[in-house]
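Chains, contacts and geometry: an overview
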Amino acid sequence: MQTYLLSQQLNARPLAENSTACPANATICNGTSCVLPEDNFNETLSVVLSTVLTIMLALVMFSMGCNVELRKFWGHIKRPWGIFVGFLCQFGIMPLTAFLLSLAFNVLPIQAVVVLIMGCCPGGTASNVIAYWVDGDMDLSISMTTCSTLLAMGMMPLCLFVYTKMWTDSEAIVLPYDSIGISLVALVIPVSFGIYVNHKWPSKAKIILKIGSIVGAILIVLIAVVGGVLYKGSWIISPKLWIIGTIFPAAGYSLGFFLARVAGLSWHRCRTVSLETGMQNTQLCSTIVQLSFSPEQLELMFTFPLIYSIFQLLLALLILGGYRVYRRFRVKTNTDVEKTDEKEDSKSTSSHAKINGGFVSNETK
């Protein structure tokens, strides 16, 4: 292994010296993109930040659980129509969209595979935080994230087998079942504690929820920043992947909302399904990519999961901003209508009182 890395470094040096795009210590460089070797600082930083982010994520999911009512959550499990719609979006719409985008942009086979891996991943936990801020159905959001992570153990191999056959052997893709299991445990345990706290101490659960929602917003920004710090390679990759990374989450949000509405779900559940569909577990995608491909192959698409992560976050924030503006306008409009109705009622009451000699019925009081 050391001999291989040494040969890669020796081969990369002449290219790096003649190119301004890659640093001199790049292990792979073709003048447009590069992969840097891991150093001790980067490894230490990764471990520290991963530990901090894991603790923060557990606290956030605990707080999100404090907004889940056990009765409603169990109702979704017993009558899983909303979960079923989310399942169709997560493992039906997203892999198909990834397949169609790869065909439409005619990307390289290895790039098509990473797009498909992203499409086959389960929903990410960031969707729970955004769903809270857009007044979504938190019971449905938590149950969808849990079920999609659990079902991913079987659905990811199936979807990859179906869609990647024309580009590569699906057996060459390594699925980290341990990472999926850890994600499931990291989701279920803190959420369960949160549900218990909400059941026993609902007043304290509301305080925890407010704090956790703020921490969750900070966590989402931190994950994006940390990704930018740890990925020191060049961002000059295929423009097609940049375009796909923009269109893909937007398509997930839009199609998820549309299918949920067609299925007859209420507006707040449509918003929930939309976010659960568009926001993918990009950390899982990065893990699969790193386990499955060689450094030469990583050169072509190693930053795509981060690109998708950034654009899914930016689009989710746009959805949040648009919803907040709509909500403020709607509440203001409704308040104005209510005040107008009250004025008209008071005028009609006073005129009625004058006509009837000052008598006001109990119904108009």
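Criteria and cut-off values
Residues numbered from 1 in each chain as written. Predicted model: local features only at pLDDT ≥ 70, side-chain atom pairs only at ≥ 80, totals over all residues. Heavy atoms only, no water. UniProt positions renumbered as here; feature names shortened; annotations may be inferred. Salt bridge = Lys/Arg side-chain N within 4 Å of Asp/Glu carboxyl O. Helix = DSSP H or I, 4+ residues; strand = E, 2+ residues; numbered from the N terminus. Buried < 20%, exposed > 50% of the residue type's maximum accessible area, 1.4 Å probe, protein only. Expected span 1.5 Å × (residues − 1). Bend = angle between axes of the 7 residues up to and from the residue. Polar contact = N/O pair within 3.5 Å; in protein donor to acceptor, adjacent residues only side chain to side chain.

You'll find the protein entered in an unreviewed UniProt entry as Ileal sodium/bile acid cotransporter, with Zapornia atra given as the organism. UniProt lists a comment for the protein under the heading Sequence similarities (unreviewed entry), and it reads "Belongs to the bile acid:sodium symporter (BASS) (TC 2.A.28) family." Under the UniProt heading Subcellular location (unreviewed entry), the note attached to the protein is "Membrane".

**Some details on the pattern of salt bridges**
What the rule picks out here adds up to two salt bridges. For arginine 269, the salt bridge is made with aspartate 137, and the minimal N-O distance between the two is 2.9 Å. In this pair, arginine 269 is assigned in helix H11 (residues 267-278) and aspartate 137 in the loop between helix H6 (126-133) and helix H7 (138-163), connecting sequence segments 132 residues apart. On the accessibility criterion, arginine 269 (30% relative accessible area) is partly exposed.

**Observations regarding the UniProt feature "transmembrane region" (unreviewed entry) in the protein**
UniProt annotation of "transmembrane region" (unreviewed entry) refers to residues 45-63, 83-105, 112-134, 140-163, 175-195, 207-229, 241-260 and 300-323 when read in the numbering used here. With 74% helix and 0% strand, residues 112-134 has its two end C-alpha atoms placed 33 Å apart. Overall, residues 140-163 shows 100% helix and 0% strand. The separation of its end C-alpha atoms is 29 Å.

**Some points on unusual backbone geometry**
Positioned with a positive phi, asparagine 106 is a non-glycine residue whose angle comes to about 50 degrees. Of note, asparagine 106 is situated in the loop between helix H4 (81-105) and helix H5 (109-120). For asparagine 106, a relative accessible area of 60% translates into the label exposed.

**Focus: H7**
Across its 26 residues, H7 extends only 32 Å between first and last C-alpha, which sits more than 12% below the 38 Å expected from 1.5 Å per residue. A maximum bend of about 60 degrees is found in H7 at alanine 152. For H7, the N-terminal cap is aspartate 137; the gap from its side-chain oxygen to the backbone nitrogen of aspartate 139 is 3.1 Å.

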